[in-house]
Amino acid sequence: MKLYNVKKSNIDKRGLYASKNIKVGEKIIEYVGKLISKKETESNPKFDNERDIYLFNLNEKWDLDGDYHWNTARLINHSCNPNCEVEGKGLKLWISAIKDIKKGEELSYDYGFSYSKEDLDNFICKCGSENCCGYIVREPSRWRINKRFKISNRTNK
Ligand SMILES: [Zn+2]
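Residues numbered from 1 in each chain as written. Predicted model: local features only at pLDDT ≥ 70, side-chain atom pairs only at ≥ 80, totals over all residues.

Asks: How should I be thinking about the overall build of the protein in this particular structure?
Replies: Helix and strand counts for the protein come out as 2 helices and 10 strands. Reading the protein from its N end, one meets helices and strands in the order β-β-β-β-α-β-β-β-β-β-β-α. For a compact globule of 157 residues, the expected C-alpha radius of gyration is about 15 Å, and the protein comes in at 16 Å, within 12% of that figure. Seen through its C-alpha atoms, the protein measures out along the principal axes to roughly 40 × 40 × 30 Å. A burial count over the protein gives 25% of its 157 residues as buried. Put simply, of all contacts in the protein between residues at least 6 apart along the chain, 62% involve residues at least 24 apart. (Helix = DSSP H or I, 4+ residues; strand = E, 2+ residues; numbered from the N terminus. Rg over C-alpha atoms; globule rule 2.2 N^0.38 Å. Buried ≥ 20, exposed ≤ 12 C-beta atoms within 10 Å, placed from the backbone. Contact = placed C-beta atoms within 7 Å.)

Asks: Quick question: what am I supposed to make of the nonpolar core here?
Replies: Counting 18 residues, the largest nonpolar core has Tyr4, Ile28, Ile76, Cys84, Ile95 and Leu107 as its most contacted members. Counting residues per element, the ones that place at least two in this core are strand 2 (14–18), strand 3 (27–30) and strand 9 (92–97). With 3 residues, the top contributor of residues to this core is strand 9. Not counting residues up to four positions away in its chain, the partners in contact with Cys84 are Ile28, Ile76, Ile95, Ser96, Ala97, Ile98, Leu107, Ser108 and Tyr109. With 8 residues, the next largest nonpolar core counts Cys80, Phe113, Cys127 and Tyr135 among its residues. (Core = buried A, V, L, I, M, F, W, Y, C linked by C-beta atoms within 7 Å.)

Asks: So what exactly am I meant to see when it comes to the sheet that holds strand 3 here?
Replies: Hydrogen bonds along the backbone pair up the strands of a sheet, which may run parallel or antiparallel. The strand order across the open sheet formed by 3 strands is 3-9-8, and the pairing between neighbours is antiparallel. Two strands bound the open sheet, and with one partner strand each, they are strand 3 and strand 8 (84–89). Neighbour-to-neighbour, the strand axes of this sheet turn through a mean angle of 35°, independent of strand direction. Note that strand 3 and strand 9 share 3 bridges and pair antiparallel. (Pairing = 2+ DSSP bridges. Axes fitted to C-alpha atoms, helices over the stretch in contact; angles between N-to-C directions.)

Asks: What should I look at first to understand the environment of Leu107 in this one?
Replies: In this structure, Leu107 sits in the loop between strand 9 and strand 10 (108–109). Sequence separation between Leu107 and Leu3 is 104 residues, and the spatial gap between their C-alpha atoms is 10 Å. Those residues in contact with Leu107 that lie beyond four places of it in its chain are Tyr4, Leu16, Tyr17, Ala18, Ile28, Ile76, Asn83, Cys84 and Ile95.

Asks: Which parts of the structure should I look at to understand the environment of Ser9?
Replies: For Ser9, the position within the fold is in the loop between strand 1 (4–8) and strand 2. Classification of Ser9 as partly exposed rests on a count of 18 C-beta atoms within 10 Å.

Asks: What am I meant to see in the sheet that holds strand 6 (residues 62–65) here?
Replies: With antiparallel pairing, 3 strands are arranged side by side in an open sheet as 4-6-5. Bordering the open sheet on either side are strand 4 (34–37) and strand 5 (55–57), each of which pairs with just one other strand. This sheet shows a mean twist of 30° between the axes of neighbouring strands, independent of strand direction. By the bridge criterion, 3 bridges tie strand 5 to strand 6 in an arrangement that is antiparallel. By the bridge assignment for strand 6, Asn57 is matched with Asp63.

This is the structure:
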């Protein structure tokens, strides 16, 4: 039985939701796509973007382009307080749970975007978490945004 359903989401148009309780560490869905060589990602204008949402770096030779309708995992939204992460082994990628997830909860992971002042407004985050910084930016860079907006919810780690 699948561990997820595709449903309408409050974060974006659609999202993936837990169809049953999921335990921390469980693999939920494979992130599938087409293998492309680094040479191609460097020369193909499709990938001429600092923040390719669907492009994953597998190793020094291969990337994985998940920008295909048959890759259901691409519907998973970003959250500033995610319950999943992307895990890789060899040329395979999986979405797995980083905490216990209750049936009905939306699945999310940190898209890992770097911080870029220039196009920040194209990456508004609507995850609704308490610690949401308002933008889709990877966790280690969020303090820059909090600083910019003088939000003092930065935790000292
Ligand atoms: Zn957020």
